[in-house]
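# Inside the fold
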Amino acid sequence: MSAPTAEEVMLALREVIDPELGYNIVDLGLIYDVAIDERGGAAIVMTTTTPGCPATTALQEGARECASLVPGIGGVDVQMVWSPLWTPARMSAEAKEHFGVPP
Amino acid sequence: MTSIIGATLSRWTPAYFAAALAALVAAEALAVAGLAYPAAPLLAPWSLVAVHLVTIGWLSVLMLGALHQFLPVIAARPLASDRLALAALGLIEAGLAAMIAGFLALGGLGVPVALLPLGGSAVLAGFLCAAGNLGWTLRGTSPLPLPARFVVAALGFLALTALLGIGFGCAFAVPAPPDWLAALLAQGLALHLLAGIGGWFALTAVGVSYKLLPMFMLAEEERGRLGTSILWLMVGGLVLAWCAGLIAVLADGRGHLAAEAGEAIFAAGLTLYLWDIRLLFRQRLRRGLELNSITAAFSLAFLALVLAGLVAVRFVRGAEAVVAAPLLLLALLGWLSLLGLGQLYKIVPFMSWLERYAPRLGRGPVPRVQDLVSEGRARPWFAVFALGALACAAAATIGSAGAARIGAALLLVSTLAIARELMRARRESPSPAVPGAFPATLQQRRSLR
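Keep in mind that this is a model prediction, so the values were computed, not measured.

### Some remarks on the overall build of chain A
On a plain count of helices and strands, chain A comes out with three helices and five strands. Over its C-alpha trace chain A gives a radius of gyration of 13 Å, about what one expects of a compact globule, namely 13 Å for 103 residues. The dimensions of chain A, computed from C-alpha atoms along their principal axes, are 40 × 25 × 20 Å. Looking at chain A as a whole, 55% of its 103 residues are labelled buried. When the accessible surface of chain A is totalled, it reaches about 4200 Å², and 52% of it is carbon and sulfur. When the 5 positive and 14 negative side-chain charges of chain A are each reduced to one mean point, those points stand 5 Å apart.

Here it is in structure tokens:
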């Protein structure tokens with residue numbers, strides 16, 4: 001089986017929601033980067049909407065769990081970062097429309 | 001701390017919340033029965049019981065329960081000690097029970113009045129346990145975020161309030177108290193209220209709202225120089241007012257002007273805070289407001305009313321004697337209790353979600369936090385609570401015991417209904433359908449392969 005692509009992992013991560021905002025973490029712009037190495041290992045860099053969010057560990061574990069279910073994945077490392085800080089400008093157009101955030 | 005996959009929860013916070021709600025219900029029941037203020041005189045034994053059920057049993061326990069969950073989040077480290085959190089709750093509840101017996105001894109119940117300072121000492125010990133536990137949790141957090149700086153100052157005033165309360169208890173219990181203690185009992189109530197409501201409650205409410213409101217409304221959390229100025233104005237004003245007030249009590253009125261200046265500086269800080277929160281609501285990027293944010297807005301309208309009332313009484317001779325206690329009711333019920341109930345309506349479902357659904361995140365669809373509650377069902381009860389607070393304050397102003405009991409009944413019924421909604425949030429299992437939240441489908445995934 002060939003190694004999955006970063007796009008496939010990103011698509012899988014859309015099944016993880018921020019429990020408070022109730023929207024998937026990819027369209028919220030919480031995923032900063034996904035990289036796949038030659039052995040199929042995924043390195044995910046992500047954040048939360050605010051530093052010290054009570055759901056931080058839940059989101060980290062949820063992303064790890066979800067990405068690890070992608071066929072062919074060799075392992076998942078999820079790094080939480082708060083620099084740069086998340087802003088609503090990172091949301092997709094659909095998410096902005098959903099929350100009434102100006103484009 | 002209870003370690004659950006995906007979450008770190010303060011183990012005893014739900015117990016703090018349950019005890020707090022029980023104390024609020026008990027105080028409201030006393031007022032409905034006509035035993036406590038505003039249906040009875042403010043300094044009647046049952047009124048003192050109800051006041052301390054609200055201030056210690058409800059608001060202090062609620063705030064400490066929330067801080068045990070909230071400060072570890074700010075410090076990004078577990079609570080220093082779970083056992084100390086339980087010990088603090090046990091000491092506060094046991095001490096409050098002894099204080100209640102002591103207050104009733106003042107009214108003729110056949111128990112020693114000494115239970116009053118003894119109970120107060122136990123409550124103080126509980127507060128110190130909690131403050132130490134929370135302070136130790138924050139150790140090494142640098143720079144301390146603005147909300148945490150408010151809370152640290154508030155915890156200092158909590159200890160001061162409890163110490164002064166023990167002084168009152170001793171003055172009641174000792175047959176011939178020394179002159180300074182007798183003077184404190186006669187004139188020190190304002191200092192007790194200033195440290196308790198202005199210091200502990202107000203600083204905590206401001207600090208916690210600076211964390212929670214931006215988080216839930218997608219607004220800018222950094223409040224810049226305005227936020228820091230508000231902190232210094234409030235804390236500086238309180239310290240000046242309290243120290244000058246103490247000098248005035250012990251030195252025959254000297255320092256009175258400085259105390260008033262301190263109160264004015266503190267009120268200016270609170271007014272700027274209201275202005276800043278108005279900005280925060282306007283700057284929010286989440287246009288639709290949830291019930292906890294709407295409730296916060298209404299509770300802050302009560303705060304604005306209290307501040308306006310405090311300014312007005314300065315210019316109307318004799319007004320202070322009539323409206324001081326009703327304004328106190330508005331602050332305790334309309335501002336702090338409504339704010340507290342509204343935030344509980346968010347925090348309890350959030351904690352429930354973390355307990356029940358965090359382990360399932362990433363393995364399949366899960367409900368949102370807001371799916372655990374029904375805002376439409378709960379909204380009218382928050383309105384009834386606000387109406388009850390207004391009715392109680394109005395009844396206290398005109399001196400109508402009947403109206404006071406009706407107002408208290410509105411508070412009691414709405415509190416019980418909100419408590420039922422919170423219990424539902426912990427028990428109900430909604431379907432995990434989240435329209436628009438999961439645009440990824442298996443078909444889409446396959447199309448990429």
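### Considering the sheet that holds strand 4 (residues 41-46) of chain A
All names here are of chain A. Pairing within the open sheet is mixed, and its three strands lie in the order 3-4-5. Each edge of the open sheet is held by one strand with a lone partner, namely strand 3 (31-36) and strand 5 (75-80). On average, each strand axis in the sheet is tilted by 15° relative to the strand beside it, whichever way the strands run. Bridge analysis of strand 4 against strand 5 gives six bridges, and the strand direction is parallel. Looking at the pairing, V45 lines up with Q79 of strand 5. This element, helix 1 (residues 6-13), spans strand 3 and strand 4 of the sheet and lies at about 135° to strand 3. Across the sheet, helix 2 (residues 56-68) is in contact with strand 4 and strand 5; its angle to strand 5 comes to roughly 155°.

### Points about the interface of chain A and chain B
Between chain A and chain B, the contact holds 39 residues from the first and 37 residues from the second. In total, about 3300 Å² of surface goes out of reach between chain A and chain B, with carbon and sulfur atoms giving 62% of it. Three residues stand out in chain A for area buried against chain B, namely E15, E20 and P54 of chain A, and they jointly supply 21% of the buried area on that side. Run the count over chain A and chain B and you get two salt bridges. Of the charged contacts, one joins R363 of chain B and E65 of chain A as a salt bridge, the two residues approaching to 3.5 Å between their closest N and O atoms. Taken together, the connections running from chain A to chain B amount to four residue pairs in polar contact (both at pLDDT 80 or more). Looking at the side of chain A that touches chain B, the elements that each hand over two or more residues are helix 1, strand 2 (23-24) and helix 2 of chain A. Per-element accounting of the side of chain A that touches chain B gives the leading share, seven residues, to helix 2 of chain A. For the side of chain A that touches chain B, the per-class residue count stands at 23 nonpolar, eight polar and eight charged.

### Things to note about the confidence of the model for chain B
Residue and element names in this part refer to chain B. Overall, the prediction assigns chain B a mean pLDDT of 87, with 94% of residues at 70 or greater. The secondary structure element of chain B with the lowest average pLDDT is strand 1 (residues 2-4), at 39, and the one with the highest is helix 1 (residues 13-32), at 96. Low pLDDT, under 50, characterises residues 1-7; the stretch is placed with 27 contacts to residues that sit more than four places away or in other chains. A low-confidence stretch, residues 435-449 stays under pLDDT 50, and its non-local contacts, those more than four residues away or across chains, total 30 contacts.

### Describing the layout of surface pockets
Rolled over the atoms, a probe sized like a water molecule indicates the empty space that remains. By volume, the second largest pocket is sized at about 1200 Å³. In terms of lining residues, the second largest pocket is bounded by 45 residues, among which T50, P51 and G52 of chain A together with K211 and E221 of chain B are the most central. For the lining of the second largest pocket, the elements supplying multiple residues, two or more each, are helix 2 of chain A together with helix 2 (45-75), helix 5 (146-173), helix 7 (189-217) and helix 8 (224-250) of chain B. Grouping the amino acids of the lining of the second largest pocket by side-chain chemistry returns 24 nonpolar, 14 polar and seven charged.

### Topic: the environment of A183 of chain B
All names here are of chain B. By the secondary structure assignment, A183 is in helix 6 (residues 179-187). In this structure, the C-alpha to C-alpha distance between A183 and V316, residues 133 residues apart in sequence, is 28 Å. Setting aside its immediate chain neighbours within four residues, A183 contacts G188 and V249.

### Details of the pairing of strand 4 of chain A
Looking along a regular strand, one sees side chains alternate from face to face of the sheet. All names here are of chain A. Taken together, the five bridges between strand 3 and strand 4 define a ladder with antiparallel strand orientation. Bridging from a neighbouring strand, V34 pairs with I44 of strand 4. With antiparallel pairing between neighbouring strands as the criterion, strand 3 and strand 4 make up a hairpin whose turn holds four residues, including G40 at a positive phi of roughly 85°. Running through helix 2, the crossover from strand 4 to the neighbouring parallel element strand 5 is right-handed.

### Let's talk about the environment of L30 of chain B
All names here are of chain B. You can see L30 is positioned in helix 1. The sequence separation of L30 and A50 amounts to 20 residues, and the corresponding C-alpha distance is 6.8 Å. With sequence-adjacent residues up to four places away left out, L30 is seen in contact with L35, A36, W46, V49, A50 and L53.

### Notes on helix 1 of chain B
Residue and element names in this part refer to chain B. Between its first and last C-alpha, helix 1 extends 29 Å over 20 residues, near the 28 Å set by a 1.5 Å rise per residue. What helix 1 keeps buried is the set T13, Y16, F17, A19, A20, L21, A23, L24, A27, E28, L30 and A31. For helix 1, the secondary structure elements touched by its buried residues are helix 2, helix 3 (82-106), helix 11 (319-356), helix 12 (375-398) and helix 13 (401-427). Following helix 1 by one or two positions, G34 adopts a phi angle in the positive range, close to 85°.

Rules used in this analysis
- Residues numbered from 1 in each chain as written.
- Chains lettered and ligands numbered in written order.
- Predicted model: local features only at pLDDT ≥ 70, side-chain atom pairs only at ≥ 80, totals over all residues.
- Heavy atoms only, no water.
- Helix = DSSP H or I, 4+ residues; strand = E, 2+ residues; numbered from the N terminus.
- Rg over C-alpha atoms; globule rule 2.2 N^0.38 Å.
- Buried < 20%, exposed > 50% of the residue type's maximum accessible area, 1.4 Å probe, protein only.
- Areas by Shrake-Rupley, 256 points an atom, 1.4 Å probe, with all protein chains shown as cover.
- Lys, Arg positive; Asp, Glu negative; His and termini not counted.
- Charge placed at Lys NZ, Arg CZ, Asp CG, Glu CD.
- Pairing = 2+ DSSP bridges.
- Axes fitted to C-alpha atoms, helices over the stretch in contact; angles between N-to-C directions.
- Contact = heavy atoms within 4.5 Å.
- Buried area = accessible area lost by both parts, 1.4 Å probe.
- Salt bridge = Lys/Arg side-chain N within 4 Å of Asp/Glu carboxyl O.
- Polar contact = N/O pair within 3.5 Å; in protein donor to acceptor, adjacent residues only side chain to side chain.
- Nonpolar A, V, L, I, M, F, W, Y, C, P; charged D, E, K, R; others polar.
- pLDDT = per-residue confidence, 0-100.
- 1 Å grid on protein atoms, 1.4 Å probe; cavity = no way out; pocket = protein on both sides within 12 Å on 5 of 7 lines; lining within 4 Å.
- Points joined across faces, edges and corners; volume = space filled by probe spheres on them.
- Right-handed = clockwise from strand over helix to strand, strands pointing away.
- Expected span 1.5 Å × (residues − 1).

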